[in-house]
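The lines below spell out each chain.
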Amino acid sequence: MGHVEIWVLTMCVIFQSGYGFYLPGSYPHKYVVGDPLSVKVNSLTSIDTEMPFSYYSLPFCKPKEGVKDSAENLGELLMGDRIENSPYKFKMYVNESEIFLCQSKKVSADDFKLLKKRIDEMYQVNLILDNLPAIRYTKKEGFMLRWTGYPVGVKVQNVYYLFNHLKFKVLIHKYEETSVARVMGTGDAVEVMPTVTKEGSDMPGHMVVGFEVVPCSVVHDGNLVNKLKMYEKYQSPIKCDPNAVSMPIKEGEPIVFTYEVAFEESDIKWPSRWDAYLKMEGSKVHWFSILNSLMVITFLAGIVLVIFLRTVRRDLTRYEELDKESQVQMNEELSGWKLVVGDVFRAPSNPALLCILIGDGVQILGMAIVTILFAALGFMSPASRGTLITGMLFFYLILGIAAGYVAVRLWRTIGCGDHKGWISVAWKAACFFPGIAFLILTILNFLLWGSHSTGAIPFAVFVILLLLWFCISVPLTLVGGYFGAKAHHIEYPVRTNQIPREIPAQKYPSWLLVLGAGTLPFGTLFIELFFIMSSIWMGRVYYVFGFLFIVLILLVVVCAEVSLVLTYMHLCVEDWKWWWKSFFASGSVAIYIFLYSINYLIFDLKSLSGPVSATLYLGYSLFMVLAVMLATGTIGFLSSFWFVHYLFASVKLD
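Residues numbered from 1 in each chain as written. Predicted model: local features only at pLDDT ≥ 70, side-chain atom pairs only at ≥ 80, totals over all residues. Heavy atoms only, no water.

- As named in an unreviewed UniProt entry, the chain is Transmembrane 9 superfamily member, taken from Gossypium armourianum.
- Looking at the chain in UniProt, the text filed under Sequence similarities (unreviewed entry) is "Belongs to the nonaspanin (TM9SF) (TC 9.A.2) family." (UniProt positions renumbered as here; feature names shortened; annotations may be inferred.)

Structure below.
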């Protein structure tokens, strides 16, 4: 079986594992004909500004019972989702047309200005029915394009038109309940027990499997509207033509909102109802390019490993095969890494900072692996909004134990078993990365608060995040630190000389090599990075977590190999200062990711307008890049540390 077949088979196993059962909170909801269906509204979003706003910040119709927030998880609040009830109400399998919703108050100067601004900034209205976002289809050059949500309005020849009539299409699938008879019996006598049926379950039920919307701009007759109440039938037929607009927004005039709904039976089964959202444009390119990238990197990593193992093995074997006399002679003519035996484990500069970075890196890397693994198994599907962020936060807090343990144990190893200062190291490890994250988020939050965006984290959530940090993360990191202080420190296989050896002059600056090393790990993930960026900034749904998990595993392998090769090269030219270089050899991939994100801002997010939006983008990118640097740098350092320890433990040098 070839490489390609193995990859494809692995993918199938990963993806199919998510379909064998219903996920928590995503059970099918059965509706009987005539049952009420309520549409919910989410924040207004735009890829032009990246700042979400509340649906009711614009003069839309409000529900009779008043605006109520739907229960949200922490992840949704952090993502800027604000889900509220809406006045749009349907009855299952009851087609209705010309339904009058409301007539707004006369458009004030402020509302007029705001509506024009939101239309210019390409804001989309996001509706949700039975946990499915409204989808809109448009035809462009013979291709059908899918969009979630619909635009607030449109500008034609300097006149602003509002979409005030919505044509809904709800796709439904007949509920298929398999009746299971319980068979009981002994020997030949078999008694078939009747199935226990619930009252009303014999009525044909339906499930919502699709939710489509067509927005229209329609002018209504003011005389007909004045006498109507909400949900009454508008007297004249409404012609909904998505290609024509006729409802200009005028200051001092009210806006009339209407809608119609049609139900259509569909072959789509309930577990497949999210497929329409997940079929991204260019998906074939996505699969093939990732596959190609995986093959190239695996091949490259293989070559690096083979060359590397052969070089080290040859050095060791050559040394071990010589008799004692030749060894004495060879010791006098020693060259390369054997010369730095007395300095290779000399404590690096700023050892505490290195321990803190490695501890935090282990925490971030562990969180990434566990989260992506759960997402690949289908536990964090796009259907359950906010679970990905909530999951990441939960795993990050729990893995504080690992951060404290690794940071303190490394601190004791560098200090040759000294206990002093372990509490300080564990405390700093608990505060370093979250502290920087809080600083970045607070600055960005002030920008969002100033813009009245729903993307701003509410003050109560800020307090909750601080409590999670200081009441869960910090204590767990200190507990991990305590175990690290109790654990036996790693003993060096060779003694360190008192006087440090002089490092000979190098042909090339070693930092040049270190910075260049980041290109190889970057090559592993840059294609995947494009899709991740598109999902964050372009509002597309990211769903190929199975591939992402494999890319992550490959990234770990490549970071480890790059760092090992560089550490070996430095030791061969008698440069024994490998500690920080091994960290930055693989951590330098973060520089390329940041450069890529600037490139993405200039060439892909051309529409991003205003300094606030650009600052938000760069702030979040910086936060992401810092996390990547800590995680990849940790992989590089730990693999190099293991390698140096193994190398000098394998050869006896007196």
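Some thoughts on the overall build of the chain
Link 1 in the chain: Looking only at helices and strands, the chain has 18 helices and 17 strands in total.
Link 2 in the chain: Out of the 654 residues in the chain, the part that is buried amounts to 47%.
Link 3 in the chain: Considering only contacts in the chain between residues 6 or more positions apart, those separated by 24 or more positions represent 84%.
Link 4 in the chain: For the chain, the accessible surface area stands at approximately 33100 Å², while carbon and sulfur atoms represent 64% of it. (Helix = DSSP H or I, 4+ residues; strand = E, 2+ residues; numbered from the N terminus. Buried < 20%, exposed > 50% of the residue type's maximum accessible area, 1.4 Å probe, protein only. Contact = heavy atoms within 4.5 Å. Areas by Shrake-Rupley, 256 points an atom, 1.4 Å probe, with all protein chains shown as cover.)

What to know about the packing of aromatic side chains
Ring pairs (aromatic) are described by centroid distance and by the angle formed between their planes.
Link 1 in the chain: Tallied over the entire structure, the rule returns 44 aromatic pairs.
Link 2 in the chain: Ring centres 5.0 Å apart and planes at 20° place the aromatic pair F438 and W469 in the stacked group. With F438 in helix α11 (residues 422–450) and W469 in helix α12 (residues 459–486), the pair connects residues that are 31 residues apart, well separated along the chain. There is no split in this pair, since F438 and W469 are both buried.
Link 3 in the chain: Residues F583 and F584 carry aromatic rings whose centres are separated by 5.1 Å and whose planes lie at 90° to one another, so their mutual orientation is edge-to-face. (Phe/Tyr/Trp six-rings, centres within 6.5 Å; stacked < 30°, edge-to-face > 60°.)

Notes on the state of the cysteines
Link 1 in the chain: In total, this model carries 2 disulfides according to the counting rule given.
Link 2 in the chain: At a sulfur-sulfur separation of 2.0 Å, the disulfide partner of C61 is C102. One disulfide, between C61 and C102, carries an S-S torsion of -85° and so falls in the left-handed class. On the criterion of sequence distance, the pair formed by C61 in the loop between β2 (36–41) and α2 (74–79) and C102 in strand β4 (residues 96–103) is long-range, its members being 41 residues apart. Taken individually, C61 and C102 each receive the classification buried, so the pair is uniform in this respect. (Disulfide = S-S within 2.5 Å.)

So, unusual backbone geometry
Link 1 in the chain: For E98, which is not a glycine, the phi torsion comes out positive at approximately 50°.
Link 2 in the chain: Taking the relative accessible area as the measure of exposure, E98 reaches 13% and is therefore buried.
Link 3 in the chain: Although it is not a glycine, D130 sits at a positive phi angle of roughly 50°.
Link 4 in the chain: Relative to the elements of secondary structure, D130 occurs in the loop between β6 (127–129) and β7 (132–133).

Examining the sheet that holds β6
Link 1 in the chain: A sheet is described by the order of its strands in space; here 4 strands give the open sequence β3-β2-β6-β7, paired in antiparallel fashion. The sheet is open, and its two borders are formed by β3 (84–91) and β7, each paired with just one other strand.
Link 2 in the chain: Both β2 and β6 contribute to a ladder of 3 bridges, which runs antiparallel. The residue bridging V39 from the neighbouring strand is L129, located in β6. (Pairing = 2+ DSSP bridges.)

Some details on the pattern of salt bridges
Link 1 in the chain: A full pass over the atoms with the stated rule returns 8 salt bridges.
Link 2 in the chain: Between E98 and K233 there is a salt bridge, with the nearest N and O atoms lying 3.4 Å from each other. With E98 in strand β4 and K233 in the loop between α4 (222–226) and β17 (256–265), the pair connects residues that are 135 residues apart, well separated along the chain.
Link 3 in the chain: Note that R346 is salt-bridged to D343, the shortest N-O span being 2.7 Å.
Link 4 in the chain: Judged by its relative accessible area of 2%, D343 falls in the buried class.
Link 5 in the chain: A single network of salt bridges, built from pairs that share partners, joins K117, R118 and E121. (Salt bridge = Lys/Arg side-chain N within 4 Å of Asp/Glu carboxyl O.)

Digging into the side chain of T567
Link 1 in the chain: Here T567 is to be found in helix α15 (residues 545–572).
Link 2 in the chain: On the basis of relative accessibility, which here comes to 2%, the residue T567 falls in the buried class.

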